[in-house]
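Here is how the chains run, residue by residue.
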Amino acid sequence: MIRIIITGNYSDMSRKAANIISAQITLKPDSVLGLATGSTPIGTYERLIEQYKDGDLDFSAIHTVNLDEYQGLTRDNDQSYYHFMNEHLFRHVNIDLNNTNIPDGTQTDTEKECERYNNVISNMGGIDMQLLGLGQNGHIGFNEPADTFSGGTHLVALTQSTIDANARFFKSIDEVPKFSYTMGIGQIMSARKILVVVNGKAKAEILKKLMCEPVNPMVPASILQFHPDVVIIADKEAASCL
Ligand code: GLP
């Protein structure tokens, strides 16, 4: 079941999303949180950091598992998702870095890395709350439009539209990695709760497809219609086609 909360702007969206995550942490201090990158959740992380600094949150027993990582980027590359998570959340709160997990983008043995990451997720006992952004083509994590829904962690060839969308973070489009490790749709769907943040006009059409059109692997996020507990927080621009 999908519940949608429409907010006035990005800042309200971020505050509401952070409040939901912070309730999860308060109710279950040893939660496993599935985390996302991209520009959308940055404000959510900023709010969580504020709540931590105010003494309202304790991350010491939290475990995290990230959705995805570019293949070929080292951890110190400022476009790696490892770097992103440190910059936007981990280094600002009392999380134990040993309890954080991100696919290893430097691993060239794809099968080995996917198996390792699948084991990481299953050994944690599954994900309590998964935070998601939404790609403009409907991807979640890096699960691109495809003929079928994926199950576990796998390596994805990024579509041209994703490469183009992500080029803004790189010096030139040639530097955008062409492959990424991502958690599979099956793993995302196994999360007990899912929280999606969406903002801006550019996401309005795809949000409508996610919510209103038949479930279809060409819109990977549409599978969320089959999950029992999804909350989408959208700003009014993203919700403008609903
Ligand atoms: C990226 C990430 C996704 C993210 C999406 C949207 O490529 N792999 O996890 O949700 O694209 O990004 P943004 O929030 O910057 O629009």
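Look up: the structure comes first, before these words.
These lines cover the structure that appears in this document, whether it is placed above or below. Note that this is a predicted model, so its numbers are computed, not measured.

## With respect to the overall build of the protein chain
Then comes step 1: Within the protein chain, the regular secondary structure consists of 7 helices and 10 strands.
Then comes step 2: Computed over the C-alpha atoms, the radius of gyration of the protein chain is 17 Å, within 12% of the 18 Å expected from 2.2 N^0.38 for a compact globule of 242 residues.
Then comes step 3: Reported as C-alpha extents along the three principal axes, the dimensions of the protein chain are approximately 45 × 40 × 35 Å.
Then comes step 4: Counting across all 242 residues of the protein chain, residues that qualify as buried make up 51%.
Then comes step 5: About 10,800 Å² of surface is accessible on the protein chain, with carbon and sulfur atoms providing 50% of the total.

## Here we look at the nonpolar core
Then comes step 1: Counting residues in hydrophobic clusters, the biggest one holds 67 residues, and the most contacted among them are Leu89 and Leu224.
Then comes step 2: For Leu89, the contacting residues outside a window of four places in its chain are Leu35, Tyr45, Leu48, Ile49 and Phe84.

## Digging into the side chain of Thr64
Then comes step 1: With respect to the helices, strands and loops of the structure, Thr64 is situated in strand β3 (residues 63-66).
Then comes step 2: What makes Thr64 buried here is its relative accessible area of 1%.
Then comes step 3: Ignoring sequence-local partners within four residues, the contact set of Thr64 consists of Leu33, Leu35, Phe90, Ile95, Asn99, Thr100, Asn101 and Met124.

## A few points about the packing of helix α1 (residues 10-27) against helix α2 (residues 42-53)
Two measures define how a pair of helices packs: the angle their axes make with one another and the distance between the axes.
Then comes step 1: Here α1 crosses α2 at 55°, and the two axes come no closer than 8 Å. When the axes of α1 and α2 are compared, the pair comes out oblique. Two packed elements cross with a definite hand, and for α1 against α2 that hand is right-handed. Every residue of α2 that contacts α1 at Tyr10, Ser11, Ser14, Arg15, Ala17, Ala18, Asn19, Ile21 and Ser22 is listed here: Ile42, Gly43, Thr44, Arg47, Leu48 and Gln51.
Then comes step 2: Grouping the constituent residues of the contact of α1 with α2 by class yields 6 nonpolar, 7 polar and 2 charged.

## Let's talk about the side chain of Ser80
Then comes step 1: Following the sequence through the fold, Ser80 ends up in the loop between β4 (68-70) and α3 (81-88).
Then comes step 2: A polar side-chain atom of Ser80 sits 3.1 Å from the main-chain carbonyl oxygen of Arg75.
Then comes step 3: At 3.0 Å, the side chain of Ser80 and the backbone nitrogen of His83 are in polar contact.
Then comes step 4: Beyond its immediate chain neighbours, meaning those up to four positions away, Ser80 contacts Glu69, Leu73, Thr74 and Arg75.

## Things to note about the pairing of strand β2 (residues 32-35)
Then comes step 1: Here β2 shows no split at all, with Val32 and Gly34 on one side and Leu33 and Leu35 on the other all buried.
Then comes step 2: Assessed by its sense of winding, the connection that carries the chain from β2 through α2 to β3 is right-handed.

## Observations regarding the sheet that holds β4
Then comes step 1: Across the sheet, which stays open at both edges, the 3 strands sit in the order β4-β8-β7 with antiparallel pairing between neighbours. Looking at strand neighbours, the two that pair on one side only are β4 and β7 (154-157), the edges of this open sheet. Here the strands of the sheet are splayed against their neighbours by 25° on average, with no regard to which way each runs.
Then comes step 2: Relative to strand β8 (residues 179-182), β4 runs antiparallel, the two sharing 3 bridges. Following the sheet pairing, Glu69 is matched in β8 by Tyr181.

Reading the values: the criteria
- Residues numbered from 1 in each chain as written.
- Predicted model: local features only at pLDDT ≥ 70, side-chain atom pairs only at ≥ 80, totals over all residues.
- Heavy atoms only, no water.
- Helix = DSSP H or I, 4+ residues; strand = E, 2+ residues; numbered from the N terminus.
- Rg over C-alpha atoms; globule rule 2.2 N^0.38 Å.
- Buried < 20%, exposed > 50% of the residue type's maximum accessible area, 1.4 Å probe, protein only.
- Areas by Shrake-Rupley, 256 points an atom, 1.4 Å probe, with all protein chains shown as cover.
- Core = buried A, V, L, I, M, F, W, Y, C linked by side-chain atoms within 4.5 Å.
- Contact = heavy atoms within 4.5 Å.
- Axes fitted to C-alpha atoms, helices over the stretch in contact; angles between N-to-C directions.
- Parallel < 35°, antiparallel > 145°, perpendicular 65-115°, else oblique.
- Left-handed = near helix turned anticlockwise from the far one by under 90°.
- Nonpolar A, V, L, I, M, F, W, Y, C, P; charged D, E, K, R; others polar.
- Polar contact = N/O pair within 3.5 Å; in protein donor to acceptor, adjacent residues only side chain to side chain.
- Right-handed = clockwise from strand over helix to strand, strands pointing away.
- Pairing = 2+ DSSP bridges.

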